[in-house]
Amino acid sequence: MSALAVVHRAEELRDRLARARGAGQRIGFVPTMGALHAGHRSLVARAVAETDLVVVSVFVNPLQFDDPTDLEAYPRTLAADTAVVAGAGGHLVFAPSVEELYPGFPTPPAITVHVAGLTDRYEGAARPGHFDGVATVVTKLLALVGPCRAYFGRKDAQQLAVVRRLVAELLLPAEIVACPTVREPDGLALSSRNGRLVGDQRRAATALYRAIRAASDLLAAQPATRAEVQAAMAEVLGREPAIDVDYVDVVDPETFVPVDPPAGDVDVIVAARLGAVRLLDALPVTVPPPLQRSAPVADAAPATPLSPHR
Ligand code: AMP
């Protein structure tokens, strides 16, 4: 397939993908809510490199918003999003209406998906119902797309854990690929919410990245407890009066249970508010065994920088 096509109906998407599979093509899938930026583009580019037909869904999922104002304010920019997907070499954009995915909306759907346990904490606690909405829409989209490689960003580390769990437990035929976070040159993770930072908030927001780097540097340098990691992060964030911290922690990437003392593969996570804007960041860190403490930490390098020309 060459030119990019935009499809609004589930049935048409299913037909196109069935034809592609019949022709021996491997399907790559990138679920998004649109307002695409270089972070999303990197997911599409990776899917293009690893599969034959790449479909990007653009759907602002009402089920995952706990705040109606936030849902209303979420940017909807399908024409620009389509250009981003085309520029990254993607083949299909799936942009369904709300009614296409939730017949009878706004009547609540009869079936929702709840991933117990790991959604009780952090984002799940801060945003009641959020992960049920995410799990429900991802389940529907993966069931519709069928066997595929599906690409998700590591910035939303708990979402990645939720998706991995539902794919494993529901035996969905998708291979989940975790992608590094694309950042501004000063470390701020790209997010559709960054545009709402005003005045000094934009500069202050870089403290999230500095905090997760401080945690990963500490874990690389010496044995540290969970409390010491949290203190190192809180110290960095505490220097910015514009920042209200929701949580800082070091967790198991699969269960999102805190790890104390941190060992092996962990995720360092932060959520904080700057005025009305709530930002997340995360960094996967491999804590070296004590004897190799001076060795470099795998995957703690700043993730893909956003080069100036992008
Ligand atoms: P969203 O449309 O914001 O829900 O995000 C769609 C996908 O893009 C999710 O898998 C996110 O984790 C991923 N994503 C968002 N921001 C970034 C970023 N800065 N770098 C890499 N992936 C990202």
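Note that the structure is a prediction, hence the values are computed from the model and not measured. (Residues numbered from 1 in each chain as written. Predicted model: local features only at pLDDT ≥ 70, side-chain atom pairs only at ≥ 80, totals over all residues. Heavy atoms only, no water.)

Before going further, it helps to spend a moment on the site of the ligand. By nearness alone, 17 residues border the ligand, and Met33, Gly153, Asp156, Val182 and Leu190 come closest of all. In this structure, an oxygen atom belonging to the ligand sits 2.8 Å away from a main-chain N or O atom of Met33. Interatomic distance of 2.9 Å between a backbone N/O atom of Leu190 and a nitrogen atom of the ligand. Coverage of the ligand by the protein amounts to 93% of the 490 Å² it exposes when considered alone. Counting residues per element, the ones that place at least two in the shell around the ligand are strand 2 (27-32), helix 2 (38-50) and strand 5 (148-153). Sorting elements by how many residues they give to the shell around the ligand places helix 2 first, with 3 residues. Of the residues belonging to the shell around the ligand, the class tally is 8 nonpolar, 7 polar and 2 charged. (Near = heavy atom within 4 Å. Polar contact = N/O pair within 3.5 Å; in protein donor to acceptor, adjacent residues only side chain to side chain. Areas by Shrake-Rupley, 256 points an atom, 1.4 Å probe, with all protein chains shown as cover. Helix = DSSP H or I, 4+ residues; strand = E, 2+ residues; numbered from the N terminus. Nonpolar A, V, L, I, M, F, W, Y, C, P; charged D, E, K, R; others polar.)

Moving on: helix 7 (residues 130-145). Along its 16 residues, helix 7 runs 22 Å from first to last C-alpha, staying within 8% of the 22 Å computed at 1.5 Å per residue. Buried residues dominate helix 7, accounting for 13 of its 16 residues. One or two residues past the end of helix 7 sits Gly146, with phi positive at roughly 80°. (Expected span 1.5 Å × (residues − 1). Buried < 20%, exposed > 50% of the residue type's maximum accessible area, 1.4 Å probe, protein only.)

Right, let's talk about the sheet that holds strand 9 (residues 277-287) for a bit. In spatial order, the strands read 7-8-9; together these 3 strands make up an open sheet with antiparallel pairing. Two strands in the sheet have a free side with no partner beyond their single neighbour: strand 7 (243-251) and strand 9. Pairs of neighbouring strands in the sheet enclose a mean axial angle of 15°, with direction left out of account. With 8 bridges connecting them, strand 7 and strand 8 (residues 264-274) associate as antiparallel partners. Considered in strand 8, the bridge of Val250 is made with Val268. Lying on the sheet, helix 10 (residues 206-221) is in contact with strand 7, strand 8 and strand 9; it crosses strand 9 at an angle near 20°. Of the strands in this sheet, strand 7 and strand 8 are in contact with helix 11 (residues 226-238), which crosses strand 7 at around 155°. (Pairing = 2+ DSSP bridges. Axes fitted to C-alpha atoms, helices over the stretch in contact; angles between N-to-C directions. Contact = heavy atoms within 4.5 Å.)

Take the nonpolar core next. Membership of the largest hydrophobic core comes to 48 residues, with the highest contact counts inside it found for Leu13, Phe94 and Leu142. In terms of residue count, helix 7 provides more of this core than any other element does, 9 residues in total. If we ignore the near neighbours within four places in the chain, the residues touching Leu142 are Phe29, Cys148, Ala150, Val167, Leu172 and Ala174. Of all hydrophobic cores here, the second largest spans 31 residues; its members include Ala207, Val229, Leu274 and Val277. (Core = buried A, V, L, I, M, F, W, Y, C linked by side-chain atoms within 4.5 Å.)

This brings us to the sheet that holds strand 4 (residues 92-94). The 6 strands lie next to each other as 1-4-3-2-5-6, forming an open sheet whose pairing is parallel. Two strands lie at the open edges of the sheet, namely strand 1 (5-7) and strand 6 (174-179), each paired on one side alone. When strand polarity is set aside, the average angle formed by the axes of neighbouring strands in this sheet is 25°. As judged from the 6 bridges shared by strand 5 and strand 6, these two strands associate in the parallel manner. The residue bridging Gly153 from the neighbouring strand is Cys179, located in strand 6.

For the rest of this paragraph, the subject is the pattern of salt bridges. For the coordinates displayed, the defined rule picks out 22 salt bridges. For Arg278, the salt bridge goes to Glu123, with nearest N and O atoms at 2.6 Å. Linking Arg278 in strand 9 with Glu123 in helix 6 (residues 123-126), this pair joins segments that are 155 residues apart in sequence. One exposure class covers both Arg278 and Glu123, and it is buried. (Salt bridge = Lys/Arg side-chain N within 4 Å of Asp/Glu carboxyl O.)

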